[in-house]
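# Chain and residue survey
Listed below, chain by chain, are the residues.
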Amino acid sequence: MSSPKVLSLGEPLIQLNAINPGPLRHVTLFEKHVAGSEANFCVASVRFGCEATLIARVGVDEFGHNIVEWLRGKGVDVSRIVFDPIAPTGVYFVQRHYPVPYKSELVYYRKGSAGSRLNPDDVDERVVSGYDLLHITGITLAISESARLAVFKALKHAKRVSMDTNIRLKLWPSKEEAREVILRALERVEILITDPDDAAVLFGVSKFEEVLTALKGYPVRTLVFKRGTKGVVLSCDGKVYEQRAFDAPVEDPTGAGDALSGAFCALYLRGFSPLYALKSAVAAATLVVSVRGDQEAIPSQEDAERFLKAFEGR
Ligand code: KDG
């Protein structure tokens, strides 16, 4: 049987990750990585056995070439990434363990970037309808009006849709606008990935059962609810599954959610049981948390199994 095909659209970014924890003003060394939520999702879905394509724009600059060459090397189909001659590739910095230990803060330099110039002309409806799953995030809905229109165009033609709400408040003019736009997109979503903070913005509630109730009236059949150190709860066709978080050192949690979404959606599409997909996805997220960089430690399915075996009974 051929591998399921997933499609995503969003802004790939260059990440400059602080080598040392603490406030960025005192950091002298940064490590460069390729990142961006939707690019991370594509890499994770390839690692877990799907084919993945990213629709995006990057600048005609060294960082743009870096992103395209890296993603191609990771097995992502980059044929729909446009080199935009007008604007540069976006970058962001990661401040780690400050002011909250075990958390990271993202500092963006991306306004007017090539990635934010994504627009409906980049989305070919016949292409979208040829994929098994379209994955969208709240980030692409936030970065510009044209990127938002591109997402809504893709939504019209997608067979099945997954969405990670990924509300980055720094990117939205207001919580109200985030709420209104993301709830509009939710009308097409079958697999929803979210967390208590985003649920509070969207539905005014933050407990799993309350979110399930709030979702009545939307087409969501699968809810992946990330609760950080408390683990993940999954509701799938009316059944509830739970996976605790694994105890592992935290270097930088950035990107862990994307590894989780990509791994879960890939295994789910491939017909594995919801619990197996959930466990493997939490294993992938744990490995990403334990290093700097969003994509380097995303495991293969086989390595996720080795991880789970090592943790069994601990
Ligand atoms: O989920 C990780 C992403 O947040 C990170 O790679 C940067 O895409 C990014 C964003 O917009 O925050």
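Residues numbered from 1 in each chain as written. Predicted model: local features only at pLDDT ≥ 70, side-chain atom pairs only at ≥ 80, totals over all residues. Heavy atoms only, no water.

## Points about the overall build of the protein chain
- A count of helices and strands for the protein chain gives 11 helices and 13 strands.
- Its C-alpha atoms give the protein chain a radius of gyration of 18 Å, near enough to 20 Å, the size a compact globule of 314 residues would have.
- With respect to the three principal axes, the spread of C-alpha positions in the protein chain is 50 × 45 × 45 Å.
- Scored against the burial criterion, the 314 residues of the protein chain give a buried share of 56%.
- Residue pairs in contact within the protein chain that sit at least 24 positions apart in sequence constitute 72% of those at least 6 positions apart.
- A total of about 13600 Å² of accessible surface is found on the protein chain, and carbon and sulfur atoms cover 52% of it.
- Treating the 39 positive side-chain charges of the protein chain as one cloud and the 39 negative ones as another, the clouds have centres 2 Å apart. (Helix = DSSP H or I, 4+ residues; strand = E, 2+ residues; numbered from the N terminus. Rg over C-alpha atoms; globule rule 2.2 N^0.38 Å. Buried < 20%, exposed > 50% of the residue type's maximum accessible area, 1.4 Å probe, protein only. Contact = heavy atoms within 4.5 Å. Areas by Shrake-Rupley, 256 points an atom, 1.4 Å probe, with all protein chains shown as cover. Lys, Arg positive; Asp, Glu negative; His and termini not counted. Charge placed at Lys NZ, Arg CZ, Asp CG, Glu CD.)

## A word on the packing of aromatic side chains
- In this structure the tally under the stated criterion is nine aromatic pairs.
- Ring centres of Phe 264 and Tyr 268 lie 5.4 Å apart, and the angle between their planes is 15°; on these two criteria the pair is classed as stacked. Pair noted here: Phe 264 and Tyr 268 are both in helix H9 (residues 256-269), with a separation of four residues, about one helical turn. Both residues of the pair, Phe 264 and Tyr 268, belong to the buried class.
- Ring centres of Phe 307 and Phe 311 lie 4.5 Å apart, and the angle between their planes is 25°; this geometry places the pair in the stacked category. Residue Phe 307 and its partner Phe 311 are both found in helix H11 (residues 301-311); the two are separated by four residues, about one turn of the helix.
- A residue is classified by how much of its surface remains accessible, and Phe 307, at 11% relative accessible area, is buried.
- For Phe 311, a relative accessible area of 10% puts it in the buried group.
- By way of ring pairs, the aromatic residues Phe 30, Phe 93 and Tyr 109 are connected into one cluster.
- A cation over an aromatic ring shows up here: Lys 5 above the ring of Tyr 131, its NZ or CZ 4.7 Å from the ring centre. (Phe/Tyr/Trp six-rings, centres within 6.5 Å; stacked < 30°, edge-to-face > 60°. Lys NZ or Arg CZ within 6 Å of the ring centre and 35° of its normal.)

## A look at the UniProt feature "domain: Carbohydrate kinase PfkB" (unreviewed entry) in the protein chain
- Here, UniProt's "domain: Carbohydrate kinase PfkB" (unreviewed entry) annotation points to residues 5-299.
- As annotated, residues 5-299 has a helix share of 35% and a strand share of 24%, and its two end C-alpha atoms lie 19 Å apart. (UniProt positions renumbered as here; feature names shortened; annotations may be inferred.)

## A short note on the nonpolar core
- Membership of the largest hydrophobic core comes to 56 residues, with the highest contact counts inside it found for Phe 48, Leu 54, Leu 71, Ile 81 and Phe 264.
- Sequence-distant contacts of Phe 48, that is, excluding residues within four places in its chain, are made with Ala 263, Ala 266, Leu 267, Arg 270, Ser 280, Ala 284, Ile 298, Pro 299, Ser 300, Gln 301 and Ala 304.
- Counting 51 residues, the second-largest nonpolar core is a separate cluster that includes Ala 35, Ile 55, Ala 150 and Ile 182. (Core = buried A, V, L, I, M, F, W, Y, C linked by side-chain atoms within 4.5 Å.)

## Focus: the pairing of strand E1 (residues 5-9)
- Across the five residues that make up E1, a large majority, four, are buried.
- Note: E1 against strand E8 (residues 133-137), three bridges, orientation parallel. Note that in E8 the partner of Leu 7 across the bridge is Leu 134. (Pairing = 2+ DSSP bridges.)

## A short note on the site of the ligand
- Around the ligand sit 15 residues, and of these Tyr 108, Arg 110, Arg 168, Asp 258 and Asp 294 come closest.
- Within the backbone of Ser 37, one N or O atom sits 2.9 Å away from an oxygen atom of the ligand.
- The contact in question runs from an oxygen atom of the ligand to an N or O atom on the side chain of Asp 258, over 2.7 Å.
- Contact with the protein chains hides 98% of the accessible area of the ligand, taken as 320 Å² for the molecule alone.
- Taken together, the elements giving at least two residues each to the shell around the ligand come down to helix H1 (37-47) and strand E7 (104-109). (Near = heavy atom within 4 Å. Polar contact = N/O pair within 3.5 Å; in protein donor to acceptor, adjacent residues only side chain to side chain.)

## Overview of the pattern of salt bridges
- One pass over the full model with this rule turns up 17 salt bridges.
- Measuring nitrogen to oxygen at the nearest pair gives 2.7 Å for the salt bridge that ties Glu 190 to Arg 160. Of this pair, Glu 190 sits in the loop between helix H6 (175-186) and strand E10 (191-194) while Arg 160 is found in the loop between helix H5 (145-157) and strand E9 (161-164), placing the two residues 30 residues apart along the sequence.
- For Glu 190, a relative accessible area of 13% puts it in the buried group.
- In this structure, Arg 184 and Glu 180 form a salt bridge, with 2.9 Å as the shortest nitrogen-oxygen distance. Of this pair, Arg 184 and Glu 180 both sit in helix H6, four residues apart, roughly one helical turn.
- Among the charged side chains, a network of salt bridges with common partners joins Glu 31, Arg 96, Glu 251 and Arg 292. (Salt bridge = Lys/Arg side-chain N within 4 Å of Asp/Glu carboxyl O.)

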